[in-house]
Amino acid sequence: MDKNKKYILSLDQGTTSSRALLIDESGKVVGKSQKEFKQIFPKPSWVEHDPLEIWNSQLETAKDAILKSNINAKDIHAIGITNQRETIVAFDSKTGKPVYNAIVWQCRRTAAYCDELKPRYKTKIKEKTGLEIDAYFSASKMKWILENIPAAVETCRSKSLRFGTIDSWLIYNLTGGKSFYTDPSNASRTMLYNIKENKYDKELLEIFGIEEWMLPEVMHSNRDFGLTDKKHFGVEVPIHAVLGDQQAALFGQCCFKEGDLKVTYGTGGFLLINIGSQFKLNENFLTTIAWSINDKDMPWHAPTYAFEGSTFISGAIIQWLRDGLGIIKDSSECEKMAIGLNNNEGVYLVPALVGLGAPHWDQGARGTILGLTRGSTKAHIVRAAIESMAYQIADLILPVKKELPKDTFIKADGGAAKNNFLLQFQADLLQMPLTRSSQAEATALGIAYLAGLKLGFWKSFEDIQKTWHPDELFIPRTNRDKEYSLWKEAVKRALKWEQ
Ligand code: ADP
């Protein structure tokens, strides 16, 4: 233990696990802890989490990381929070207790309702929020809770109902119920937030039947979000930075310049491109707030925006091979199985287990395996699953490849980016170089950077940039055009399976 050292505690609340990392002034991870939690599937295509399990697992990992790194909690100068986005927790502010399970971003229960909204509101909602109307975002989930959960109706009457994004749910619990805040990167995923005007939008609130008092107040991504209650760590620690997980990864990959981009292969697969401080729309992408930094040189109305391509199932298809099909025991086995084959031998898997996100936005698409023969083995299915993660990202990047700067390279991160076969296949498909950052934990690191800027650990973006190093470079080796055109055929057959 070094007495003079200062640390940041990054809380990274993901879809499948809660993680806590302690990061020192040089950006080095000095301790970490991770805990998986239960995925609840009450009906086909419904996905829930227990909000108390989310909170308890997050607190446990924070305490465990502190213990493991043998530091004193008073040397933690700030907490940064990054989190799964869109997932919503309804709770009673009088008791702090959830009134229902968290409805997870992947959950499709409101798909039919969202389809009904499209003819009338598609254009308006895209113009105000940058989003496509889809069950993915929080607003329709909140409406469902209000209409279906008696405890929500009661707490709504007494005005104690709150709808928390995961960051605001953690802030609420960390501060012992004192603060209920979120940041623009998270608010911009609710479908209730006007990202041009930087505020909740009255008309949208009305469409979904939500009142503003139910929602967390939106603060800059690097504001003071409150102090942790002493009972958690023995000292009060300020919460200084909040970003949704994909935006934090963009920050952690040092994508500070317009045109910089990263791909995260986590539960879902996400491409984010920094588009600077001008709000823009693009038919291939969502527009979202990347971050909104309270800086004397940056006015409030100029957040940094990003184009985003979100695919719902990326690494989650490997989890499904493990837990659903039972053909692998551990995700680490699948790379070896895939490279055991010379090619995919015509087998394709479209991982539309919860519909398809970008660029198709088809809520009725369903998972499909095509091209099986008597010679097909589980290795073919594993390889097809890994390839599908790369094809989905190619569907997003290839249409805009010509518009990207010539020297663009893809920065990859996320749990599945450990898989070298995946990254090589991706570079081949795109015919673009791809790097994996030396910091596998881009998300947790990103939020630490943001908190560290405020603390003066780093003075500027350039300062942070110096800590970023590529770990491995993947250069295109093989042409994959033929495989890619068959993938496109496979996708056509998965679309609109459920009407
Ligand atoms: P999240 O933050 O969304 O919970 P992570 O970034 O931790 O997700 O990534 C976890 C995902 O990565 C899991 O869905 C898992 O199946 C997948 N994964 C982990 N290791 C590998 C691997 N070697 N090959 C392919 N996928 C993997």
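### Things to note about the overall build of the protein
- For the protein, the count of helices and strands is 16 helices and 22 strands.
- Relative to its length of 499 residues, the protein is compact, with a C-alpha radius of gyration of 22 Å against a globular reference of 23 Å.
- For the protein, the residues scored as buried account for 62% of the 499 residues in total.
- When contacts within the protein are restricted to residue pairs at least 6 apart in sequence, long-range pairs at least 24 apart make up 73% of them.
- Within the structure as shown, the protein displays about 20,000 Å² of accessible surface, and the carbon and sulfur contribution to it stands at 50%.
- One finds the centroid of the 63 positive side-chain charges in the protein at a distance of 1 Å from the centroid of its 60 negative side-chain charges.

### Some thoughts on the packing of aromatic side chains
- What the rule picks out here adds up to 30 aromatic pairs.
- Judged by centre distance (4.9 Å) and plane angle (15°), the ring pair of Tyr-391 and Trp-487 falls under stacked. With Tyr-391 in helix 12 (residues 378-397) and Trp-487 in helix 16 (residues 481-494), this pair connects stretches of sequence that are 96 residues apart.
- What makes Tyr-391 buried here is its relative accessible area of 1%.
- For Trp-487, a relative accessible area of 2% translates into the label buried.
- Of the aromatic side chains, those joined through ring pairs into one cluster are Trp-105, Tyr-136, Phe-137, Phe-270, Phe-312 and Trp-361.
- Above the plane of the ring of Phe-270 lies Arg-85, whose end atom (NZ or CZ) is 5.4 Å from the centre.

### A short note on the site of the ligand
- The local shell around the ligand holds 16 residues, among which Thr-16, Arg-19, Thr-267, Gly-315 and Gly-415 are the closest.
- Here an oxygen atom of the ligand sits 3.3 Å away from a polar atom, N or O, in the main chain of Ala-316.
- When the free accessible area of the ligand is taken as 590 Å², the share hidden by the protein chains comes to 87%.
- Sorting elements by how many residues they give to the shell around the ligand places helix 10 (residues 316-325) first, with 3 residues.
- Counted by class, the shell around the ligand contains 4 nonpolar, 10 polar and 2 charged residues.

### Quick word on the sheet that holds strand 15 (residues 269-276)
- Across the sheet, which stays open at both edges, the 7 strands sit in the order 16-17-15-14-20-21-22 with mixed pairing between neighbours. Taken across any chain shown, the strands that pair with only one partner, and hence form the sheet edges, are strand 16 (286-291) and strand 22 (470-474). Strand-to-strand, the axes of this sheet are offset by a mean angle of 30°, without reference to chain direction.
- Bridge count for strand 15 against strand 17 (residues 304-311) is 7 bridges, and the pairing is antiparallel. Counterpart to Ile-273 in the pairing with strand 17 is Phe-307.

### With respect to the pattern of salt bridges
- All chains considered together, the criterion is met by 35 salt bridges.
- In this structure, Lys-122 engages Glu-132 in a salt bridge whose closest nitrogen and oxygen atoms are separated by 2.8 Å. Of this pair, Lys-122 sits in helix 2 (residues 111-129) while Glu-132 is found in the loop between helix 2 and helix 3 (138-148), placing the two residues 10 residues apart along the sequence.
- Among the residues examined, Glu-132 registers a relative accessible area of 11% and is labelled buried.
- A salt bridge links Glu-472 to Arg-436, with the nearest nitrogen and oxygen atoms 2.9 Å apart.

### Examining the packing of helix 12 against helix 13 (residues 420-430)
- Contact geometry for helix 12 and helix 13: axes closest at 9 Å, N-to-C directions at 40°. Here helix 13 runs oblique to helix 12, going by the angle between their axes. The crossing of helix 12 and helix 13 is right-handed. The segment helix 12 lies against helix 13, with Arg-383, Ile-386, Glu-387, Met-389, Ala-390, Tyr-391, Ile-393, Ala-394 and Ile-397 engaging Phe-421, Leu-422, Phe-425, Gln-426, Leu-429 and Leu-430.
- Grouping the amino acids of the contact of helix 12 with helix 13 by side-chain chemistry returns 12 nonpolar, 1 polar and 2 charged.

### Thoughts on the packing of helix 12 against helix 16
- At a minimum axis separation of 11 Å, helix 12 and helix 16 run at an interaxial angle of 85°. Relative to helix 16, the element helix 12 is oriented roughly perpendicular. Of the residues in helix 16, those in contact with Ser-388, Tyr-391, Gln-392, Ala-394 and Asp-395 of helix 12 are Glu-483, Tyr-484, Trp-487 and Lys-488.
- Residue classes in the contact of helix 12 with helix 16 are distributed as 4 nonpolar, 2 polar and 3 charged.

### Thoughts on helix 14 (residues 442-455)
- Between the first and last C-alpha of helix 14 there are 19 Å, a value that for 14 residues agrees with the 20 Å anticipated at 1.5 Å per step.
- Burial of helix 14 is extensive: 11 of the 14 residues sit out of reach of the surface.
- Where helix 14 ends, the next residue or the one after it, Gly-456, has phi of about 85°, a positive value.

### Here we look at the side chain of Thr-368
- For Thr-368, the location among the structural elements is in strand 19 (residues 368-370).
- Within the structure, the side chain of Thr-368 is placed 2.9 Å from the backbone oxygen of Arg-366, a separation counted as a polar contact.
- Discounting chain neighbours no more than four positions away, the residues touching Thr-368 are Tyr-348, Leu-349, Val-350 and Ala-494.

### Side note on the environment of Pro-433
- Turning to its location among the elements, Pro-433 is positioned in the loop between helix 13 and strand 21 (434-437).
- Leave out the neighbours within four places in its chain, and Pro-433 touches Thr-408, Phe-409, Ile-410, Leu-473, Phe-474, Ile-475 and Pro-476.

### Points about helix 13
- Counting buried positions along helix 13 yields 10 of 11 residues, so the element is predominantly enclosed.
- Among the residues of helix 13, those classed as buried are Phe-421, Leu-422, Leu-423, Gln-424, Phe-425, Gln-426, Ala-427, Asp-428, Leu-429 and Leu-430.
- Between the side-chain oxygen of the N-cap and the backbone nitrogen of Phe-421 there are 3.1 Å, and the N-cap of helix 13 in question is Asn-419.
- Gln-431 sits one or two residues past helix 13 and shows a positive phi near 55°.

### Remarks on the environment of Gln-253
- By the secondary structure assignment, Gln-253 is in the loop between helix 9 (245-252) and strand 14 (261-265).
- The buried category is assigned to Gln-253, whose relative accessible area is 0%.
- Spatially, the C-alpha atoms of Gln-253 and Ser-437 are 7.4 Å apart, while their sequence positions differ by 184 residues.
- Not counting the four nearest positions on each side in its chain, Gln-253 is found in contact with Lys-262, Lys-411, Ala-412, Asp-413, Ser-437, Ala-442 and Trp-468.
- Only 2.8 Å separates the side chain of Gln-253 from the side chain of Asp-413, close enough to count as a polar contact.

Reading the values: the criteria
Along each chain, residue indices are assigned from 1 in the same order as the chain's sequence is written. Given that this is a predicted model, residues contribute local features only at a pLDDT of at least 70 and side-chain atom pairs are listed and counted only at 80 or more, while totals for whole chains, interfaces and linings are drawn from all residues. Working from all heavy atoms in the structure, the side-chain values ignore hydrogens and water. A run of H or I in DSSP becomes a helix once it reaches four residues, and a run of E becomes a strand once it reaches two; helices and strands are each numbered from the N terminus. C-alpha atoms define the radius of gyration, and 2.2 Å times the number of residues to the power 0.38 defines the globule rule. When accessible area is computed with a 1.4 Å probe and restricted to protein chains, residues below 20% of their type maximum are described as buried, those above 50% as exposed, and intermediate ones as partly exposed. Throughout, a residue-residue contact means that at least one pair of heavy atoms, one from each residue, lies within 4.5 Å. For accessible areas, the Shrake-Rupley method is used with a probe of radius 1.4 Å. Any residue's cover is judged against the shown protein chains and nothing else. Under the convention used here, Asp and Glu are negative, Lys and Arg are positive, and both His and the chain ends fall outside the count. Where a charge sits is defined by one atom per residue type, namely NZ (Lys), CZ (Arg), CG (Asp) or CD (Glu). Planes of paired rings set the category: under 30 degrees apart is stacked, over 60 is edge-to-face and the rest tilted, where pairs are Phe, Tyr or Trp rings (Trp by its six-membered ring) whose centres lie within 6.5 Å. The criterion is that NZ of a Lys, or CZ of an Arg, lies within 6 Å of the ring centre and within 35 degrees of the ring normal, and then a charge sits over that ring. The nearness test applies per residue and asks whether one of its heavy atoms lies within 4 Å of the molecule or strand. A 3.5 Å cut-off defines polar contacts: any pair of N or O atoms within that distance qualifies, except that in protein one atom must be a possible hydrogen donor and the other a possible acceptor, and neighbouring residues in sequence count only when both atoms are side-chain atoms. Charged means Asp, Glu, Lys or Arg here, nonpolar means Ala, Val, Leu, Ile, Met, Phe, Trp, Tyr, Cys or Pro, and polar covers whatever is left, Gly included. Here, a strand pair is defined by DSSP locating no fewer than two bridges between the strands. Interaxial angle, 0 to 180 degrees, is taken between N-to-C directions of lines fitted to C-alpha atoms, where a helix line uses only the stretch in contact. Salt bridge, as used here: a side-chain nitrogen of Lys or Arg that lies within 4 Å of a carboxyl oxygen of Asp or Glu. Put simply, angles under 35 degrees are roughly parallel, angles over 145 are roughly antiparallel, angles from 65 to 115 are roughly perpendicular, and the rest are oblique. Two helices crossing with the near one rotated counterclockwise from the far one by less than a right angle form a left-handed crossing, whereas a clockwise rotation gives a right-handed crossing. Expected helix span is computed as 1.5 Å times (number of residues minus one).

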